[in-house]
Amino acid sequence: MTISLAQLRRCSAAVDLGAARTRVYVKNQGLVVDEPTVAAVNTRTGSMLAVGAQAEVMDGRTPDYIRVVRPVSNGTVVDIDLAQRLLRHLVGDKLRKTWRRRPSMRAAVCLPYGSEPLAQRAAVETLTGLGARRVELVDTLVAAAVGCGLPVEQPEATMIVVCGAGTTQVAVLSLGSIVAAETVPVGGNAIDHAVIQHLRLHHELMLPNQSVRPLHLMLSGDGELTPGSTEVHGRDVVSGLARSVHVDTERVRRAIITPLTAILDGISAVLRRCPPDLVADLGERGIMLAGGSALIPGLEPMIHEATSMPVHIADQPSTCAVQGLGAMIEGKVQPLHLDPMAP
Ligand SMILES: Nc1ncnc2c1ncn2[C@@H]1O[C@H](COP(=O)(O)OP(=O)(O)OP(=O)(O)O)[C@@H](O)[C@H]1O
């Protein structure tokens, strides 16, 4: 199947069903949904109690009969029915009106590089269940590169690293296609896990999931602006009581280096497989970081130090992929030869 820009231009909506967040771009409206891919379900009745940010704050705070679930794992829809119900709630009237007006509605979905046919089928079924007559699949790496404003259609190399929640995808693109790519099973979740383990080991403190993000924010920024230590609240591992500790921010930064090295390995593997001409281009242009985890403190300088290449973080790293897909359905992108993925 060949996906052309002409086909994408006939789509009314672009969807990025991520493990952490779901984003929907509607033609002529822009980004209408950017919410956590989370639903709270009543296990007794099967009814959905909350979705998105409302459901996320319930995580870890629910009684037995309520479960907070994520229907997407590593970019793959693992529960089609739940994903459809979640999307239906999130888009609400925003998309329903558009779809009612256009019964032959088409949608574009971005999927991780190298997605299995089963994962592609699950994405297509999720969208067709919502009323889409046809679903176009686009590689997240291509969509994110377009969303970052990289000249992917030119005969020169561009390198993109999409750091998601469950995985990090690395690719070198030229002439609108992927020349070499790699998926590393490390993302924001692995970094959160490293922080939680560090506090468990060195401070005997169980950190609630909700507290990891504020800790990230304290770790980011340069050393002068970031305080040397920061107060964290959690539960004492031994007594089970609430406790606060002062955490050395530098030590937490060091604790997350180990999972980050896997991303460096992925970048090196892709560079090794690239023709020398393209690697020479990259020396000038550098590496573009996209995805929510591009903001992980220390990632950018670490990649720069390991590769000696310029490293840039996209302006809006979290929404690059869906914005790129949105630009394609709006017809704002120059002709390029997209790497198609058959449903
Ligand atoms: N400011 C920040 N600092 C550090 N990490 C962040 C920040 N903002 C978001 N993240 C991390 O980014 C991840 C979410 O990124 P993104 O929204 O790109 O993922 P996704 O597309 O849903 O996931 P995937 O690509 O794995 O399906 C989360 O793990 C989150 O912890």
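Residues numbered from 1 in each chain as written. Predicted model: local features only at pLDDT ≥ 70, side-chain atom pairs only at ≥ 80, totals over all residues.

In this section: the site of the ligand. Neighbouring the ligand are 19 residues; Gly-18, Ala-20, Gly-164, Gly-188 and Gly-292 lie closest to it. Here the residues of the shell around the ligand sort into five nonpolar, 13 polar and one charged. (Near = placed C-beta within 6 Å. Nonpolar A, V, L, I, M, F, W, Y, C, P; charged D, E, K, R; others polar.)

The subject of this paragraph is the nonpolar core. Core analysis: the largest hydrophobic core is formed by 98 residues, its most contacted members being Val-109, Ile-160 and Leu-325. In this view, Val-109 contacts Val-15, Leu-17, Ala-123, Leu-127, Val-135 and Leu-137; residues no more than four positions away in its chain are not counted. (Core = buried A, V, L, I, M, F, W, Y, C linked by C-beta atoms within 7 Å. Buried ≥ 20, exposed ≤ 12 C-beta atoms within 10 Å, placed from the backbone. Contact = placed C-beta atoms within 7 Å.)

Turning next to the pairing of strand β11 (residues 158-163). For β11, the buried fraction is high: six of the six residues fall into the buried class. Here β11 shows no split at all, with Thr-158, Ile-160 and Val-162 on one side and Met-159, Val-161 and Cys-163 on the other all buried. Note that β11 and strand β12 (residues 168-174) share six bridges and pair antiparallel. Pairing of Thr-158 across the sheet is with Leu-173, part of β12. (Helix = DSSP H or I, 4+ residues; strand = E, 2+ residues; numbered from the N terminus. Pairing = 2+ DSSP bridges.)

Before going further, it helps to spend a moment on the sheet that holds strand β15 (residues 229-236). Strand order across the open sheet formed by three strands is β14-β15-β16, with antiparallel pairing between neighbours. Bordering the open sheet on either side are β14 (205-206) and β16 (242-248), each of which pairs with just one other strand. Direction of pairing for β15 relative to β16: antiparallel, over a ladder of seven bridges. Bridge pairing links Glu-231 to His-246 in β16.

Further remarks concern the domain arrangement of the chain. As assigned here, the chain comprises domain 1 (5-143 + 321-329), domain 2 (152-186 + 257-318) and domain 3 (193-250). Listed as interface residues are 15 residues of domain 1 and, on the opposing side, 15 residues of domain 2. Among the elements of the structure, α5 (140-147) and α12 (320-329) are those that each provide at least two residues to the side of domain 1 that touches domain 2. Ranked by residue count, the leading element in the side of domain 1 that touches domain 2 is α5, at three residues. Its residues placed into classes, the side of domain 1 that touches domain 2 shows seven nonpolar, seven polar and one charged. (Domains from an automatic or database assignment.)

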